[in-house]
Amino acid sequence: MKKKNFFAGPSVLPVEVLEEIKAQIVDYNGQGLSMIEASHRGGMFEEMYDECLLTLRRLMGIPEDYDVYFLGGGATLQFTMIPMNFLLPGSVADYAKTGSWANKAASDASKIGKVNAFFDDKEGNYTTLPDPKSVKPSEGASYLYLCSNETIGGIEWQDFPETGDVPLIADMSSDILSRPVDVSKFSMIYAGVQKNLGPAGATLIIMKRSMLDRRNENLTAYMDYGLHSKNKGLYNTPPVFSIWAVKLVLDWVEKNGGAEGMLKRAKEKSSLIYSVIDSSDFYRSPVDKRYRSRMNVVFRLPSEELEKKFVEESGKEGMLGLKGHRSVGGLRASLYNALPYDDVVALRDFMIEFERKNG
Ligand SMILES: *Cc1c(COP(=O)(O)O)cnc(C)c1O
């Protein structure tokens, strides 16, 4: 029986996509070759790749003057590439320190140039966000950086700040395509695909082409977005398998209502769990209610013993990945796009039953 997969990443994929990969893995569309043994300079790959990028442009409404491609190195490589390219000497980059992922990005950037952490919820243990309307970039900042959804802390920006002439850059690794986003507000969006878009290996880059005019000079080849832009993401061998799977996931998203459809699913699924938390004294959410994530629902039980028991017993019911990240403890249910509604109903029912027995 297929397990119920609440892992934070790598994470659940649509079963239809896994079946499609299985059916096509040896012989892609009767062409006598597997997609993962084909050259990335050949027609078979390129046709699939172009379609993948076009589908993504359609689903996210990405304007014509933006590049879209995939890199390797995980989302983590972008923590370095962004300041290397865009943090200009004599200028600052504004960072919202909102939890593990934004903080790692800020830390890497501070080794390359000057970082201004305009928000840092260290005192509150990273359970809230700044009001987007209150966010003002520094005068002449190179860019303003935020993480749209903190996968570990379970907080998500519901709206984004207006940054005027200062480019807005967002790490959307864990909530990409879970809702409609106005891409034109951002100069760059990136996402490791292994949360909401596919298997690990590729990082999606969406970048306004004019950003390239403001980048630093003398970058080494792979670190230079300009080179990737010029080569449409095919400067070196791209993560072919991951991209193929992303393409199939995008087709699945399109069949299931696109970004609007994903938002509807995300609201329905997350409210099943949050309503149990809110109607109970047994479960508790540490997160500011205004910014609770629809993708990663973080919650606590009255004791660590009970949390351990919850993980063990849910595991026996075929529910995997509910243990919170080792850095924060507690429990976390990741409810990415591909997670079936019925799996969340099963978790909800398990939570109610667990409270009845142990509350
Ligand atoms: C998982 C994650 C990362 C790191 O991704 P890697 O591909 O493992 O480098 C960065 N940012 C966010 C928001 C994440 O969820």
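Residues numbered from 1 in each chain as written. Predicted model: local features only at pLDDT ≥ 70, side-chain atom pairs only at ≥ 80, totals over all residues. Heavy atoms only, no water.

This part covers the overall build of the protein. Looking only at helices and strands, the protein has nine helices and 13 strands in total. Against the compact-globule benchmark of 21 Å for 359 residues, the protein has a radius of gyration of 21 Å, which places it among compact chains. Each of the three principal axes of the protein carries a C-alpha extent, and together these read 60 × 55 × 30 Å. Considering the protein as a whole, with its 359 residues, one finds that 57% of them fall into the buried category. The contacts in the protein between residues at least 6 apart in sequence include a share of 68% that link residues at least 24 apart. Accessible surface, the protein: about 15,800 Å² in total, of which carbon and sulfur atoms supply 50%. Within the protein, the 48 negative side-chain charges are centred at a point lying 3 Å from the centre of the 44 positive side-chain charges. (Helix = DSSP H or I, 4+ residues; strand = E, 2+ residues; numbered from the N terminus. Rg over C-alpha atoms; globule rule 2.2 N^0.38 Å. Buried < 20%, exposed > 50% of the residue type's maximum accessible area, 1.4 Å probe, protein only. Contact = heavy atoms within 4.5 Å. Areas by Shrake-Rupley, 256 points an atom, 1.4 Å probe, with all protein chains shown as cover. Lys, Arg positive; Asp, Glu negative; His and termini not counted. Charge placed at Lys NZ, Arg CZ, Asp CG, Glu CD.)

Note that side chains of opposite charge can pair when their charged atoms are close. On inspection of all chains with the given rule, the structure shows 16 salt bridges. The salt bridge involving Arg292 is made with Asp278; its shortest N-O contact spans 2.8 Å. Of the two residues, Arg292 sits in the loop between helix 7 (258-278) and strand 11 (296-299) while Asp278 sits in helix 7, which places them 14 residues apart along the sequence. What makes Asp278 partly exposed here is its relative accessible area of 41%. Through salt bridges that share partners, Glu51, Lys247 and Asp251 make up one connected network. (Salt bridge = Lys/Arg side-chain N within 4 Å of Asp/Glu carboxyl O.)

As a further point, take the pairing of strand 9 (residues 188-192). When you tally the buried positions in strand 9, you get five out of five residues, the bulk of the element. Residues Met188, Tyr190 and Gly192 of strand 9 are buried on one face, and the alternating residues Ile189 and Ala191, pointing to the opposite face, are buried as well. By the bridge criterion, three bridges tie strand 8 (residues 168-171) to strand 9 in an arrangement that is parallel. Paired with Asp171 across the two strands is Tyr190, which belongs to strand 9. Note: strand 9 against strand 10 (residues 203-208), five bridges, orientation antiparallel. Across the sheet, the residue bridging to Met188 is Met207, located in strand 10. (Pairing = 2+ DSSP bridges.)

All right, on to the sheet that holds strand 10 then. Taken in spatial order, the seven strands line up as 2-10-9-8-5-3-4 in an open sheet, and their pairing is mixed. Only two strands of the sheet have a single neighbouring strand rather than two, namely strand 2 (66-71) and strand 4 (114-120). Going from strand to strand, the sheet's axes swing by 15° on average, the running direction of each strand aside. Across six bridges, the pairing between strand 3 (residues 92-97) and strand 4 is parallel. (Axes fitted to C-alpha atoms, helices over the stretch in contact; angles between N-to-C directions.)

This part covers the site of the ligand. Near the ligand lie 13 residues; those nearest to it are Thr76, Thr151, Asp171, Gln194 and Lys195. Here Thr76 contributes a side-chain N or O atom positioned 2.5 Å from an oxygen atom of the ligand. Here a nitrogen atom of the ligand and a side-chain polar atom of Asp171 are 2.6 Å apart. Calculation on the ligand without its partners gives an accessible area of 390 Å², and the protein chains cover 86% of this total. (Near = heavy atom within 4 Å. Polar contact = N/O pair within 3.5 Å; in protein donor to acceptor, adjacent residues only side chain to side chain.)

One turn of the α-helix equals 3.6 residues, which is why residues spaced by three or four share an orientation. Between its first and last C-alpha, helix 2 (residues 43-60) extends 26 Å over 18 residues, near the 26 Å set by a 1.5 Å rise per residue. Within the sequence span of helix 2, burial applies to Met44, Phe45, Met48, Tyr49, Cys52, Leu53, Thr55, Leu56, Arg57, Leu59 and Met60. Those residues of helix 2 that are buried are in contact with strand 2, strand 10, helix 6 (240-255) and helix 7. Note on helix 2: the residue one or two positions beyond its end, Gly61, has a positive phi of about 60°. (Expected span 1.5 Å × (residues − 1).)

Further remarks concern the domain arrangement of the protein. Much of the literature gives interface size as the accessible area that the parts lose upon coming together. Its domain assignment divides the protein into domain 1 (15-255) and domain 2 (258-358). Look at where the C-alpha atoms of domain 1 and domain 2 centre, and you get two points 27 Å apart. Across the contact, 28 residues belong to domain 1 and 25 residues belong to domain 2. Carbon and sulfur atoms supply 55% of the area buried between domain 1 and domain 2, which totals about 2,100 Å² over both sides. Our enumeration of links across domain 1 and domain 2 arrives at zero salt bridges. Linking domain 1 to domain 2 there are 14 residue pairs in polar contact (both at pLDDT 80 or more). Residue assignment for the side of domain 1 that touches domain 2 shows that the elements contributing at least two residues are strand 7 (155-156) and helix 6. No other element matches the three residues that helix 6 contributes to the side of domain 1 that touches domain 2. The residue inventory of the side of domain 1 that touches domain 2, partitioned by class, reads 11 nonpolar, 11 polar and six charged. (Domains from an automatic or database assignment. Buried area = accessible area lost by both parts, 1.4 Å probe. Nonpolar A, V, L, I, M, F, W, Y, C, P; charged D, E, K, R; others polar.)

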